[in-house]
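# Reading the structure
Listed here are the chains, written in short residue letters.
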Amino acid sequence: MTTDFAASPAMPPGRPVRRRRRLLLRLLLGALALGLVAVLGLAGLATWLWSQADMSNVGQLRFANQLKIPPLLEPRLDGAGRKVFDLRLQAGTSELLAGRRTETWGANGAYLGPTIRAARGDRVVMNVRNELPEATTIHWHGMHLPAAADGGPHQPIQPATTWSPSWRIDQPAATLWYHPHLHERSEDHVYRGVAGLFLLEDPEANSLALPKDYGTDDIPVILQDKRFDEQGQLDFGEPAFSPIGRLGDQLLVNGTHDPHLTTRHQRVRFRLLNASTARSYHLGFADSRPFDLIATDGGLLEAPHRTTRVPLSPGERAEIVAVFQPGERVVLRSFQPNLGLGSLEGRFAGADDTFDVLQVRAGSELSGAPPVPDRLVVRQRLDQAEAVRTRRLELNGSSRINDQRMDLGRIDQAVTVDTTELWEVANRSGNPHNFHVHDVQFQLIDYAGRPPPPHLAGWKDTVFLPPSATVRLLARFAGYSDPELPYMFHCHLLRHEDNGMMGQFVVVGPGQAPAGPPARHGHQ
Ligand code: C2O
Ligand code: CU
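Residues numbered from 1 in each chain as written. Chains lettered and ligands numbered in written order. Predicted model: local features only at pLDDT ≥ 70, side-chain atom pairs only at ≥ 80, totals over all residues. Heavy atoms only, no water.

All right, on to the coordination of the copper ion (ligand 2) then. Taken together, His-433 (ND1), Cys-491 (SG) and His-496 (ND1) make up the full set of protein donors to the copper ion (ligand 2), lying 2.0 to 2.1 Å away. As a motif over one chain, the donors of the copper ion (ligand 2) read H-x57-C-x4-H. Note that His-433 is positioned in strand 28 (residues 433-437) and His-496 in helix 5 (residues 494-499), a separation of 63 residues in sequence. Comparing His-433 with His-496, the two get one shared label, buried. (Donors = N, O, S within 2.8 Å, 3.2 Å for Na, K, Ca; no water. Helix = DSSP H or I, 4+ residues; strand = E, 2+ residues; numbered from the N terminus. Buried < 20%, exposed > 50% of the residue type's maximum accessible area, 1.4 Å probe, protein only.)

Turning our attention to the pattern of salt bridges. Following the criterion strictly, the structure yields 35 salt bridges and no others. Ionic pairing is found between Glu-187 and Arg-495, a salt bridge with its closest N-O pair at 2.8 Å. Taken as a pair, Glu-187 in helix 2 (residues 186-192) and Arg-495 in helix 5 lie far apart in primary sequence, 308 residues in all. Residue Glu-187 is classed as buried on the basis of its relative accessible area, which comes to 6%. Given a relative accessible area of 17%, Arg-495 falls into the buried group. (Salt bridge = Lys/Arg side-chain N within 4 Å of Asp/Glu carboxyl O.)

Scanning the model with the defined rule gives 18 aromatic pairs in all. For the pair Trp-140 and Phe-198, a centre-to-centre distance of 5.9 Å together with 85° between the ring planes defines the contact as edge-to-face. Here Phe-198 lies in strand 11 (residues 196-201) and Trp-140 lies in strand 7 (residues 139-141), a separation of 58 residues in the sequence. Grouping residues by exposure puts Trp-140 and Phe-198 together as buried. An aromatic cluster is built from Trp-423, Phe-435, Phe-477, Tyr-487, Phe-489 and Phe-505, whose rings are joined through pairwise contacts. (Phe/Tyr/Trp six-rings, centres within 6.5 Å; stacked < 30°, edge-to-face > 60°.)

And the structure:
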């Protein structure tokens, strides 16, 4: 040591060097101890966060509650022969957890909304009355319709007003759904509970020997994860590290916590909808019995796909038919989803999570039903040779597409009506995403460089994209054009959508130019 303590004028006489050394030593030990505590604390915190991020209810449920079935919404006919459906968006309280009143939102009730059913060829009018305390929208997810009826961020419904879009149903039988789509508020509004099914029928599907008695052998399964605070209210707190937004540790099916379904049918069709804001599921039965996957987002597959698991990212649907034996009990479960992430990011994105979804209790006598037909429908195939153009869309970070955030006043793409296009969508981020397009159902040409697997081979409107995956899809933009009002394409992980991972496209007439950025309608 070269420091000359004695040279310091403030140093008292005596043994300054030793005293100083002792002091230094103490300080050093103190600092070491503090550092150790900090390191241990951080490690402890990290361990705690790590373990908190692993969510499962497997083994914790009693399946105490009978599965709620959302009621079918009866339409009335207007003078023009149109089916008129009335939806009232409202706030209220729901008993989501036993003995707790939770503040929720819903349609025609306090949580979720009724199931709407219409047939191909029907002309429908949807009266959506907003009795919520703030503006929202209702988007008809998966529906082919005019842009003005789409219910995206350009059709806000102010409180105490009614929005009444109308269109003609013209697409195959399918399980679609509806949910809010207000700019930057989708996650919040869906999480509060506004969502419902929109089932489409057609004669071809009706003629098939498939379970189709709603609520009896044709069961809706609306999957949502929630987190509750100590008061039993929905927890809007932010997760520590989640790259995808809020993930819940409790599962609701059709708004039912801890549910079971009693059935008297040997064959049951389940219409699975992932209405979660961020969580992906990997569904199958606890005993890994095989089932038939018969339909995806946009309708029936050409042939049933026999499998034991079906992955479902937010917004996606799948229809399965399962067979039960008299008297048995079997659990529909979500296994660990493959999100294509490393173990660290995966943990915080729900890749390690498992959930018991629903216990099926088969009666002692079951009415039989014919097996699922070998062939379902003949699907018109979109032809890559007919694609008039290729667009490349890159998903960046957690809030951008082609390096831009969503801007209501910017039209990103213009498509000519009645043409087929090839869209190449690439996940260029380290986060999981999916990709949803309004107005159309698409067909995949390839998925991550391979032919699409069976569960992605049918009509789709939403497709999961793990990091660095690219998907090429074909879509035909038939019928409706509007140079001013756009449709959306976006990630359906709603936090990402709200953050700006969304773009706008208009469908224009041949030779027509987009009419420029649409006026900013009402909202904020
Ligand atoms: Cu289900 Cu643009 O949304
Ligand atoms: Cu995303």
